[in-house]
Amino acid sequence: MAVIAQKCPEINVTVVDINEKRIAAWNDENVENIPIYEPGLSAVVAEARDRNLFFSTDVDAAIDKADMIFISVNTPTKTYGIGKGMAADLKYIELCARQIARVAKDDKIVIEKSTLPVRTAEALKSILDNTGNGVKFQILSNPEFLAEGTAVEDLLDPDRVLIGGDIDTTEGMDAVQALVDVYAHWVPKDQILTTNVWSSELSKLTANAFLAQRVSSINSLSELCEKTGADVNEVSRAIGMDSRIGSKFLKSSVGFGGSCFQKDILNLVYIAKSFGLNEVADYWEQVIIMNDHQKKRFAENIVKTLFNTVSGKKIAFLGWAFKKDTNDTRESAAIYVADYLLNEQAEIVIYDPKVTEEQIYADLDYLGTRSEEENRKLVKVVNTPVNATEGAHAVAVLTEWDEFKELDWNEIYKKMLKPAFLFDGRKILDRKSKEAIGFQFYSIGN
Ligand SMILES: NC(=O)c1ccc[n+]([C@@H]2O[C@H](COP(=O)([O-])OP(=O)(O)OC[C@H]3O[C@@H](n4cnc5c(N)ncnc54)[C@H](O)[C@@H]3O)[C@@H](O)[C@H]2O)c1
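Each value, and the rule that gives it
Every residue gets a number counted from 1 within its own chain, in the order that chain's sequence is written. This being a predicted model, a pLDDT of at least 70 is required before a residue's local features are given, and a value of 80 or more before pairs of side-chain atoms are given or counted; all residues contribute to the totals for chains, interfaces and linings. An axis is simply a line fitted to the C-alpha atoms; with a helix, the fit covers only the stretch in contact. Between two such axes, the angle follows the N-to-C directions and lies from 0 to 180 degrees. Counting from the N terminus, the helices are the DSSP runs of H or I reaching at least four residues and the strands are the DSSP runs of E reaching at least two. Left-handed is the label given to a crossing in which the near helix is rotated counterclockwise from the far helix by less than a right angle, and right-handed is the label when the rotation is clockwise. By the convention adopted here, residues make contact when the C-beta atoms placed from their backbones lie within 7 Å. Any residue outside Ala, Val, Leu, Ile, Met, Phe, Trp, Tyr, Cys, Pro, Asp, Glu, Lys and Arg is labelled polar, Gly included; the first ten of those are nonpolar and the last four are charged. Near, as applied to residues and a molecule or strand, means the residue's backbone-placed C-beta atom lies within 6 Å of it. Given a helix with a known number of residues, its expected span is that number minus one, times 1.5 Å. Labels follow a simple rule on C-beta atoms placed from the backbone: if 20 or more others lie within 10 Å of a residue's own, it is buried; if 12 or fewer, it is exposed; otherwise it is partly exposed. In this description, one arc is meant: the one made by directions from the helix axis to the C-beta atoms. Convention used here: angles under 35 degrees read as roughly parallel, angles over 145 as roughly antiparallel, angles from 65 to 115 as roughly perpendicular, and any remaining angle as oblique. Bear in mind that the domain bounds are from an automatic or database domain assignment. Among buried residues, those of type Ala, Val, Leu, Ile, Met, Phe, Trp, Tyr and Cys that are joined through C-beta atoms within 7 Å form a set called a nonpolar core.

### Re the packing of helix H9 (residues 197-228) against helix H11 (residues 261-274)
Right, so step 1: Close contact between H9 and H11 brings their axes to 9 Å; oriented N to C, the two are set at 115°. As H9 runs across H11, the sense of the crossing is left-handed. Across the interface between the two elements, Leu 205, Asn 208, Ala 209, Leu 211 and Ala 212 of H9 pack against Phe 261, Asp 264, Ile 265, Asn 267 and Leu 268 of H11.
Right, so step 2: Grouping the constituent residues of the contact of H9 with H11 by class yields seven nonpolar, two polar and one charged.

This is how it looks when you write it as structure tokens:
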């Protein structure tokens, strides 16, 4: 929304959220305090805020004024009832639809920006038409393909923008065109794709499933590389140069994280199952199974390498975010590796350049594996990599922050217990130089 406001100065954009703390942070005088860390975002907000970009908790007022409403609320995996652990929980979406229907007094275009199961637009339309004030609604699907960490870049120069609408009717086509006109302020027309609503909804789930599948595919081979003496980086490079395969998203790691991949694949699996397509469901579920395996085997390897016990040992974590250049920790591999090691009674000291102590404890408490007191007793969060690694038995790199490549690894080695173990879960460190320092070095797939 900030990028739309920046690129379309004649359009007023109001971002509303029921979370007052978040809105207050978006309105913070110091633009560096906005609640999401994303390279380039604070500058975009600084340019547009209070010009044509506003942040507010007054949802009704914003609905009333708007011609177009983007529903961008969370669609987490259900934690109860039918579809528990798989289906998307659409209660927040439904609440939005009911609120829009109640408040709207003139025709509106309602846009699905959240990632949704295919055919959600049908449910939205039913709620809007049946509970509304007799005004007309057009529903569009406009899934978001940005990646966290490069969000602004991705939005300014997207591979494509996808808009699904009721393209068989004139009203539907007009609505699609209205949204095309917004993006056309900065996106070349041939990169704005229009489709029917169902294709658009399904394309987003499919894109995330394909991306995650590539990571799980290369991760599955990383284990075979470790057994055979092949090097997964060399394999990636060799296959990535095949133009039919392509080189992106072939980096082996401790596993993918983030709020979307797992949730969206589970959602896809659930939809397939609900249509009785069990083979389709099993095929995609394997991507998640492999990812869980990768996280677990990274943690298991730490225990095995440290002479089969980490009880009472200090393990330093470099990184907690699910990837570099974001402060988002949702589904981060680090959480699961930590949980595994804490079950083995390890003591963990964490350094991440952008994630707060409060967030790290919240992530561990959310698992419910142990008490809040125990999490605070066993886990410490520090402000520098040196504080994390001093006196540690082992260091594990869990996020690929660039700064970890430039650390003074000689100094780190000196201040660690010996033998000093280094586990690179992101394949960002050079083996030869670390072994020359004296580290016992482990890197995935090598
Ligand atoms: N994060 C990403 O990189 C990304 C990328 C593409 C798509 N998506 C999709 O976008 C959606 C949102 O993701 P997110 O990461 O921003 O989630 P989020 O949980 O960070 O943000 C959702 C926000 O919606 C607010 N909210 C919930 N109900 C509301 C209501 N009735 N009225 C007003 N505000 C309400 C919440 O308070 C919260 O601040 C999801 O469907 C996700 O799959 C996210």
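So, next bit.
### Some remarks on the site of the ligand
Right, so step 1: In the vicinity of the ligand, 20 residues are found, and the nearest of them are Asn 19, Asn 74, Thr 75, Ser 114 and Thr 115.
Right, so step 2: Ranked by residue count, the leading element in the shell around the ligand is helix H5 (residues 91-103), at three residues.
Right, so step 3: Looking at side-chain class alone, the shell around the ligand contains nine nonpolar, seven polar and four charged residues.

### What about H5?
Right, so step 1: Across its 13 residues, H5 extends 18 Å between first and last C-alpha, which sits within 8% of the 18 Å expected from 1.5 Å per residue.
Right, so step 2: Taken together, the buried positions of H5 are Ile 93, Cys 96, Ala 97, Ile 100 and Ala 101. Mapping the buried residues of H5 onto a view down its axis gives an arc of 130°, with all of them on the same face. Set apart from the buried face of H5 by more than 90 degrees, the exposed residues are Lys 91 and Arg 102.

### Some details on the packing of H11 against helix H12 (residues 278-305)
Right, so step 1: One can describe the packing of H11 onto H12 by two numbers: an axis separation of 8 Å at closest approach and a directional angle of 165°. The orientation of H11 with respect to H12, classified from their angle, is roughly antiparallel. Judged by the sense of rotation from one axis to the other, the crossing of H11 with H12 is left-handed. Contact with H11, carried on its side by Gln 262, Ile 265, Leu 266, Leu 268, Val 269, Ala 272 and Lys 273, involves Asn 278, Val 280, Ala 281, Trp 284, Glu 285, Val 287 and Ile 288 of H12 and no other residues of that element.
Right, so step 2: Looking at the contact of H11 with H12 residue by residue, the class counts come to ten nonpolar, two polar and two charged.

### Remarks on the domain arrangement of the chain
Right, so step 1: Domain annotation of the chain identifies domain 1 (58-204) and domain 2 (306-443).
Right, so step 2: For domain 1 versus domain 2, the separation of C-alpha centres amounts to 39 Å.

### Overview of the nonpolar core
Right, so step 1: In this structure, Ile 69, Ile 100, Val 110, Ile 111, Leu 140, Leu 179 and Ile 265 are the most contacted members of the largest nonpolar core, which totals 53 residues.
Right, so step 2: Not counting chain neighbours up to four residues away, the residues in contact with Ile 111 comprise Met 68, Ile 69, Phe 70, Ile 71, Leu 140, Asn 142 and Leu 179.
Right, so step 3: Leu 306, Phe 322, Ile 348 and Val 355 belong to the second-largest nonpolar core, a separate cluster that totals 51 residues.

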